[in-house]
Amino acid sequence: RAKEDGRNRLRLYDLALHQRFLEETALEEALRRALDNNELRLVYQPQFDAKDPTRLAGAEALLRWQDPEKGPISPGQFIPLAEKSDLITKLGRQVVALVCEQVGTWRAAGLNPPPISFNVSPKDFRGGQLASDLLRTMAQHGVTASQLQVEFTEGTLTGGADVVLKQVQELHEAGIDLAIDDFGTGYSSLINLKRLPLAELKIDKAFVDGLGKSEHDEAIALASLSMARAFGLRTVAEGVETPSQLAWLQAHGSDRIQGFLLARPLEAEDFSALLLDFDSTT
Ligand code: C2E
Ligand code: MG
Ligand code: MG
Ligand code: MG
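Residues numbered from 1 in each chain as written. Chains lettered and ligands numbered in written order. Predicted model: local features only at pLDDT ≥ 70, side-chain atom pairs only at ≥ 80, totals over all residues. Heavy atoms only, no water.

In the annotation of an unreviewed UniProt entry, the chain is listed under the name EAL domain-containing protein and assigned to Vreelandella vilamensis.

When you look at the site of ligand 1 in this model, what are you seeing that I'm missing?
Neighbouring residues of ligand 1: 20 residues in total, closest Arg64, Asn119, Asp181, Glu241 and Phe260. Interatomic distance of 2.7 Å between a backbone N/O atom of Phe260 and an oxygen atom of ligand 1. Computed on the free molecule, ligand 1 has an accessible area of 800 Å², of which 81% lies beneath the protein chains in the complex. In this structure the site holding ligand 1 corresponds to the largest pocket. Residue assignment for the shell around ligand 1 shows that the elements contributing at least two residues are β2 (56–67), α2 (75–84) and β6 (177–183). A per-element tally of the shell around ligand 1 places β2 first, with 4 residues. When grouped by side-chain class, the residues that make up the shell around ligand 1 number 8 nonpolar, 5 polar and 7 charged. (Near = heavy atom within 4 Å. Polar contact = N/O pair within 3.5 Å; in protein donor to acceptor, adjacent residues only side chain to side chain. Areas by Shrake-Rupley, 256 points an atom, 1.4 Å probe, with all protein chains shown as cover. 1 Å grid on protein atoms, 1.4 Å probe; cavity = no way out; pocket = protein on both sides within 12 Å on 5 of 7 lines; lining within 4 Å. Sits in = over half its atoms within 2 Å of the grid points. Helix = DSSP H or I, 4+ residues; strand = E, 2+ residues; numbered from the N terminus. Nonpolar A, V, L, I, M, F, W, Y, C, P; charged D, E, K, R; others polar.)

I keep staring at the coordination of the magnesium ion (ligand 3) and nothing clicks. Help me out?
A metal bound by six donors in octahedral fashion has ideal angles of 90 or 180 degrees, whereas one bound by four tetrahedral donors has an ideal angle of 109.5 degrees. Protein ligation of the magnesium ion (ligand 3) involves Asp181 (OD), Asp182 (OD), Glu238 (OE) and Glu238 (OE), the donor distances falling in the range 2.1 to 2.4 Å. Counting gaps between the donor residues of the magnesium ion (ligand 3) yields the pattern D-D-x55-E. (Donors = N, O, S within 2.8 Å, 3.2 Å for Na, K, Ca; no water.)

What's the story with the side chain of Ser224 in this structure? I'm lost.
By the element assignment, Ser224 lies in helix α9 (residues 215–230). Ignoring anything within four residues of it in the chain, the contact list for Ser224 reads Phe183, Leu201 and Ile203. (Contact = heavy atoms within 4.5 Å.)

Mind showing me how you'd approach the confidence of the model for the chain here?
Predicted coordinates in regions of low pLDDT should not be interpreted in detail. For the chain, mean pLDDT is 92; residues scoring 70 or higher make up 95% of the total. Scored as a complex, the prediction yields pTM 0.94 and ipTM 0.98. (pLDDT = per-residue confidence, 0-100.)

Below you can see the structure in the form of structure tokens.
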């Protein structure tokens, strides 16, 4: 009896696993098609000066995918999938193309966007082509280094460190700011803060969530802010949702704020409207 139960459970488990495999394969195929048909787009989440949250200081470009049948699929779902396959290379190139094209379009329209930060996957750093691809695409669209910033997570530094460091160095030498994303959530060593030419440290939403609630999260946020200061890095707190989180971050000296409290990620047209507003007030 017990043995039979065990076997049934095992069978159920196999089925669930198989089901997941089929779903992932289907999603991967859909993503491949979406990439080929340019169905992915970028949205732009504004970042504000913490001291004066009416001042637009930057923005993060975030991918969006709307599948004709499945509806919107979140990057939290399709990025890890792309990273498991070869699709991430294609996806990474598309993000570079989209962000350069958009910044070029804004500039051509006489708008003056703040630096636009975009996310780069570990595999794209390890591929060894990132810096040259990016610089070429920037030149095509007349985009300069100060108009962009590259974000990467701590995981980027584990494995293939030499290739990665070379890419980081090339981007830095080209004048592109580098930001360490989701700081404190990955496997990494603090020595990266010392050996990498970083411009910015992003405090992850996981810790911002706990501000005013969890002593431990506050301790991590404080330590991150003070280390960033010691290394001369700008700080951005992401996922700020409440006025009390904002107040905490202002009181403890975070430089910039990103979160639904101030703005959601915006479609490019809506971001243009915001730029027009800011241009007329400054
Ligand atoms: P991330 O780089 O840490 O991006 C911040 C995420 O937090 C975004 O989620 C953003 O929409 C969300 N967020 C910002 N403020 C708030 C808030 O106040 N509340 C809540 N609940 N969420 C907030 P999103 O767009 O779903 O992206 C998730 C992750 O997917 C990103 O995390 C990034 O790791 C990855 N990703 C997104 N776009 C790209 C891309 O173009 N390339 C690569 N390689 N990864 C990307
Ligand atoms: Mg990011
Ligand atoms: Mg982040
Ligand atoms: Mg995050």
